[in-house]
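Examining the three-dimensional arrangement
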Amino acid sequence: MRVLSGVQPSGTLHVGNYFGAIRQFVRLQEENECFFFLADLHALTTVQDPPRFRELITDLATGYLALGLDPARSVVYRQSDLPEVTELSWYLSTVTSMGLLQRCHSFKDKVAQGVVPSHGLFAYPVLMAADILIVKSDLVPVGKDQKQHLEVTRDVAASFHATYGEEVFVLPEPMILDDVAVVPGVDGRKMSKSYGNTIEIFGPEKPIRKKIMGIVTDSTPVEAPKPTEDNALYHLLKIFAPNPEEKAWVETAFAEGGVGYGDMKKRLFDYYLQTFGASRARYDELRGDPAEVERILRAGADTARETAAPLMDEVRKAVGIH
Ligand code: TYM
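For clarity, every value in this text was computed on a predicted model and none was experimentally measured.

Reading the values: the criteria
Residues numbered from 1 in each chain as written. Predicted model: local features only at pLDDT ≥ 70, side-chain atom pairs only at ≥ 80, totals over all residues. Heavy atoms only, no water. Domains from an automatic or database assignment. Contact = heavy atoms within 4.5 Å. Buried area = accessible area lost by both parts, 1.4 Å probe. Salt bridge = Lys/Arg side-chain N within 4 Å of Asp/Glu carboxyl O. Polar contact = N/O pair within 3.5 Å; in protein donor to acceptor, adjacent residues only side chain to side chain. Helix = DSSP H or I, 4+ residues; strand = E, 2+ residues; numbered from the N terminus. Near = heavy atom within 4 Å. Areas by Shrake-Rupley, 256 points an atom, 1.4 Å probe, with all protein chains shown as cover. Nonpolar A, V, L, I, M, F, W, Y, C, P; charged D, E, K, R; others polar. Buried < 20%, exposed > 50% of the residue type's maximum accessible area, 1.4 Å probe, protein only.

**A few points about the domain arrangement of the protein chain**
It is common to give the size of an interface as the accessible area lost on bringing the parts into contact. For the protein chain, the domain assignment lists domain 1 (2-182 + 290-319) and domain 2 (203-284). One C-alpha centre belongs to domain 1, the other to domain 2, and the line joining them spans 32 Å. On the side of domain 2, eight residues touch domain 1, which itself brings 10 residues to the contact. With both sides pooled, the region where domain 1 packs onto domain 2 buries about 810 Å², and carbon together with sulfur makes up 76% of that total. It is Val15, Phe19 and Ala66 that lose the most area in domain 1 upon contact with domain 2, and together they represent 50% of the buried surface on that side. Between the two partners, domain 1 and domain 2, sit zero salt bridges. Our count for the domain 1 to domain 2 interface comes out at two residue pairs in polar contact (both at pLDDT 80 or more). Secondary structure elements with two or more residues in the side of domain 1 that touches domain 2: α1 (15-28) and α3 (50-66).

Rendered as structure tokens:
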């Protein structure tokens, strides 16, 4: 199958990005033809500080590689190095109704959080549809917050087919895993850069430990059983627990009581280090070799452009250009 997904370089990579998306990328590349990109054009809807932006792009590319994306197996590239994607986005926007975009939660949420409602932010899902359709992806691994954007992608592709009477696109399926569809942040809401409730994957250990120790919990006494519903600590422990024995330990600790929230948070921090220790070391190494990271992105862009070329020919022909 052909798999594609992307992450915006709009902030530091966090645990929600990993479990909701990147862990699936790493697994899927074993047996599929994979395209993973940095959605830098999308990030311009919120990051408009060029030096910071460049840094975020390098950090994300380094993070992808450190977490296990393998350029020998996956095409890893930067969205802006595939300029055909903006061309396709325009063709798609001419068959996309305003109403479809007006219904998008993510646009409404971002505006509610104070992001300027620019045309780019409004048209965001059309550019995302172009990302996905341009390489004829079958499967798109994402967290639940992207589900509606996948529906929009399918609608836009179908609208193009209906308008031009030619089936040029593959309608993609989302891949959203139930247990990690919405990874909670330290305050119990969805972990998100815009809520300031993230646990970062890279960066100094001390502030990360502090964030984990600061996960919001209730006042259930040490000896009592603990509630699991809407309990961010419980969900994070379940997601991080590295093996069935540890998962069972978490269940027992909550069901039987006797373990305080403080000790549980310490254990979560241990799981965190077990999960990310090797990637964190690899990240520090790669950070010293930005030229190699850049080389990988450029090689990835060459392959992505080659892959996109035949589809772009079909699309141009379908609309009557050339
Ligand atoms: P972004 O950059 O916000 O997030 C990257 C991926 O991480 C997932 N994610 C989560 N999953 C579970 N729980 C969470 N708390 C959590 N937070 C983030 C997201 O669902 C996403 O899969 N629009 C996309 C980027 C994009 C894209 C694409 C994705 C642009 N074009 C084409 C797939 C295909 C976004 O903003 O992701």
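**Considering the site of the ligand**
Near the ligand there are 29 residues, and of these Gln8, Tyr124, Asp131, Asp145 and Val183 occur at the shortest range. At 2.7 Å from an oxygen atom of the ligand is found a side-chain nitrogen or oxygen belonging to Gln8. In the complex, the protein chains occlude 97% of the 710 Å² of accessible area that the ligand would expose alone. When residues of the shell around the ligand are traced back to their parent elements, those giving at least two are β1 (2-7), α1 and α7 (119-133). Residue composition of the shell around the ligand, grouped by class: 15 nonpolar, 10 polar and four charged.

**What about the side chain of Gln29?**
Position of Gln29 among the secondary structure elements: in the loop between α1 and β2 (33-38). Polar contacts involving the side chain of Gln29 include one to the main-chain amide nitrogen of Asp70, which spans 3.0 Å. Aside from chain neighbours lying at most four places away, what touches Gln29 is Cys34, Gly68, Leu69, Asp70, Arg73 and Ser74.

**Focus on the pattern of salt bridges**
Any two side chains of opposite charge can pair, given that their charged atoms come close. Here the structure, examined in full by the defined rule, presents 22 salt bridges. Residue Glu294 is joined to Arg78 by a salt bridge in which the shortest nitrogen-to-oxygen separation is 2.7 Å. One end of the pair, Glu294, is in helix α13 (residues 290-319); the other, Arg78, is in strand β3 (residues 74-78), with 216 residues separating them in the sequence. Residue Arg78 is classed as buried on the basis of its relative accessible area of 11%. We note a salt bridge from Glu251 to Lys238, for which the minimum N-O separation is 2.4 Å. A residue pair is termed long-range when its members are at least 10 positions apart, and Glu251 in helix α11 (residues 244-256) and Lys238 in helix α10 (residues 232-240) qualify at 13 residues. A single network of salt bridges, built from pairs that share partners, joins Arg78, Asp81, Glu294 and Arg298.

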